[in-house]
Amino acid sequence: QLQLAETGGGLVQPGGSLRLSCAVSGSTEHLYRTAWFHQAPGKGREAISCIEDSGETNYADSVAGRFVISRDNAKNLVILQMDNLKPEDTGIYYCAVKHYWDVRAWNNPRGFDYWGQGTQVTVSS
């Protein structure tokens, strides 16, 4: 009973920044885990960051120090601030939600119940 909508993608030069937003609507009483996934052209979907109900965050090594995940509970938004973007960051970014605790690791796409449609990010000169 959740709907996710990503916005904020676009074209940016290397070293630039983008701010992605994931709007969550529906049954939002309990959101255990919300994550951002990146799918590069011709590759699989890969988790890059996650925020849990406790506020704990996780980052893939490829984005640690460059990306920051946060949430605005009042507005049911999950934000991904992306700084110092690189060409390899190009791809589709998806928002995903898991309602309740799951034994699977945060970066396992099978551990998520709901997915957005994705937003395109292109990093190029």
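Residues numbered from 1 in each chain as written. Predicted model: local features only at pLDDT ≥ 70, side-chain atom pairs only at ≥ 80, totals over all residues. Heavy atoms only, no water.

> How would you summarise unusual backbone geometry if you had to cite specific residues and measurements?
Although it is not a glycine, N76 adopts a positive phi angle of roughly 55°. By the secondary structure assignment, N76 is in the loop between β7 (67-72) and β8 (77-82). Looking at N76, the relative accessible area reads 27%, which means it is partly exposed. Residue N84 is not a glycine yet carries a positive backbone phi of 50°. Structurally, the position occupied by N84 is in the loop between β8 and β9 (91-98). Residue N84 is classed as partly exposed on the basis of its relative accessible area of 41%. (Helix = DSSP H or I, 4+ residues; strand = E, 2+ residues; numbered from the N terminus. Buried < 20%, exposed > 50% of the residue type's maximum accessible area, 1.4 Å probe, protein only.)

> Tell me about the pattern of salt bridges, and please be specific about residues and values.
Summed over all chains, the structure comprises five salt bridges. Of the charged contacts, one joins R33 and E52 as a salt bridge, the two residues approaching to 2.9 Å between their closest N and O atoms. Of this pair, R33 sits in strand β4 (residues 33-39) while E52 sits in strand β5 (residues 45-52), and the two are 19 residues apart along the sequence. Residue R33 is classed as buried on the basis of its relative accessible area of 4%. By relative accessible area, which is 8% here, E52 ends up buried. The salt bridge involving D102 is made with R104; its shortest N-O contact spans 2.6 Å. A relative accessible area of 33% means that R104 is categorised as partly exposed. In the salt-bridge network here, residues are joined through shared partners; they are K98, D102, R104 and D113. (Salt bridge = Lys/Arg side-chain N within 4 Å of Asp/Glu carboxyl O.)

Interpretation note: all reported values are geometric properties and have no functional meaning in isolation.
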